[in-house]
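Chains, contacts and geometry: an overview
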Amino acid sequence: MEELLWPLGAPNATGTGGEDKPALTPYLVGGPEGGKRAAVVVCPGGGYAMRADHEGEPIALWLNALGISAFVLRYRVAPYRHPAPLWDVQRAIRYVRSKAEEWQIDTGRVGVLGFSAGGHLASTAATHYDGGNAEAADPIERESSRPDLAVLCYPVISMRDGVTHEGSRENLLGPNPSEELLSAMCGEDNVTEDTPPTFLWHTSDDGAVSVQNSLRFASALHRHGVPFDLHVFEKGHHGLGLASEDEHVRSWTAVCGTWLKANGFCE
């Protein structure tokens, strides 16, 4: 059953339909002998125009198989623009932490994962966050929105001409965004020493979202001393998801699984 992030209505909502109501679909894994599990918020891709089903539930089930609880995010897409999607993913991370006791979640092990434009959203969550507002009337808003790690799968990172995915940029920022807004939404411009550890993968011949997006983010992580894994596969079209039909690219899940284990997210 889905969990509405704002049961009384999301900020800046323009209607009352499902697309106006950001929500999480939980895929829970019980803690070992009453212990607590890591959790990952999953952001499917879709150019900020829709959300791809194959980058939602199948990813959550893969994470469950690793012993990680997963939460597929229905974030707002066009005609909604920035900052609505960012508010949604920040709220999702806070929401998971706020339900830690009920869902047996370790609040110090809450990550974010995204594909394509959802990868942009996940990278934005990893670079735009706060520690929560201790004085907030809403207890959810008292929780931190900082993810403890990020997994970015063939992500849109940059909003710059020649590198960005133009459809994602226009859907998120409109046709004529200011330079200030472009820079604020360029992941490579917003990495700091406090950005969480990140796993990235891409294919070198991705014809929709250039591999330069992952390379630029990895370079920024390196400059700031942030731990990261970067995996670039020689061939593979955009939007592969689990890539179960590609003998080579599908190995990303195994490598990511060992990385998640090394970062304490699974055993």
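Attention in this report is confined to the structure presented alongside it. All figures in this text were calculated on a predicted structure; none of them were measured in a lab. (Residues numbered from 1 in each chain as written. Predicted model: local features only at pLDDT ≥ 70, side-chain atom pairs only at ≥ 80, totals over all residues. Heavy atoms only, no water.)

Considerations on the nonpolar core
Leu24, Val41, Leu73, Val89, Val96 and Ile105 are the most contacted members of the largest nonpolar core, which totals 47 residues. The dominant element in this core, judged by the number of residues it contributes, is helix 2 (residues 84-98), at six residues. Sequence-distant contacts of Val41, defined by excluding residues within four places in its chain, comprise Leu24, Phe71, Leu73, Ala92, Ile93, Val96, Gly111, Val112 and Leu113. In this structure, Tyr27, Leu63, Tyr154 and Trp201 belong to the second largest nonpolar core, which totals 29 residues. (Core = buried A, V, L, I, M, F, W, Y, C linked by side-chain atoms within 4.5 Å. Buried < 20%, exposed > 50% of the residue type's maximum accessible area, 1.4 Å probe, protein only. Helix = DSSP H or I, 4+ residues; strand = E, 2+ residues; numbered from the N terminus. Contact = heavy atoms within 4.5 Å.)

Some thoughts on the pairing of strand 2 (residues 23-27)
Within strand 2, four of the five residues are buried, which leaves the element mostly enclosed by the surrounding structure. Here strand 1 (residues 3-4) pairs with strand 2 via two bridges, running antiparallel. Considered in strand 2, the bridge of Leu4 is made with Ala23. (Pairing = 2+ DSSP bridges.)

Side note on the packing of aromatic side chains
Each aromatic ring pair is specified by the distance between its two centres and by the angle formed by the two planes. Applying the stated criterion to the full structure yields ten aromatic pairs. Ring geometry for Tyr154 against Trp201: centres 5.2 Å apart, planes inclined by 90°, an arrangement best described as edge-to-face. In this pair, Tyr154 sits in the loop between strand 6 (150-153) and helix 5 (166-173) while Trp201 sits in strand 7 (residues 198-203), placing the two residues 47 residues apart along the sequence. Taking the relative accessible area as the measure of exposure, Trp201 reaches 0% and is therefore buried. Members of the aromatic cluster, connected to one another through ring pairs, are Trp62, Phe115, Tyr154, Trp201, Phe233 and Trp252. For the cation-ring pair, Arg76 lies above Tyr80, with the distance from its terminal atom to the ring centre recorded as 5.1 Å. (Phe/Tyr/Trp six-rings, centres within 6.5 Å; stacked < 30°, edge-to-face > 60°. Lys NZ or Arg CZ within 6 Å of the ring centre and 35° of its normal.)

A word on unusual backbone geometry
Ala78 connects to Pro79 through a cis peptide bond whose omega is 15°. In this structure, Pro83 follows His82 across a cis peptide bond, with omega equal to 15°. The backbone of Tyr48 sits at a positive phi, close to 55°, despite the residue not being glycine. Mapped onto the elements, Tyr48 comes out in the loop between strand 3 (37-43) and helix 1 (57-65). When its relative accessible area of 2% is taken as the criterion, Tyr48 is described as buried. With a phi angle near 55°, Ser116 is a residue other than glycine that sits in the positive phi range. Positionally, Ser116 belongs in the loop between strand 5 (105-115) and helix 4 (117-127). For Ser116, a relative accessible area of 8% translates into the label buried.

Some words on the sheet that holds strand 6
Taking strand neighbours across the sheet as the criterion, the eight strands line up as 1-2-4-3-5-6-7-8 in an open arrangement whose pairing is mixed. The sheet terminates laterally at strand 1 and strand 8 (228-233), the two strands that pair on one side only. Against the sheet, helix 2 engages strand 1, strand 2, strand 3, strand 4 (69-74) and strand 5, with an angle of about 150° to strand 5. Sitting on the sheet, helix 4 is in contact with strand 3, strand 4, strand 5 and strand 6, with an inclination near 140° to strand 5. (Axes fitted to C-alpha atoms, helices over the stretch in contact; angles between N-to-C directions.)

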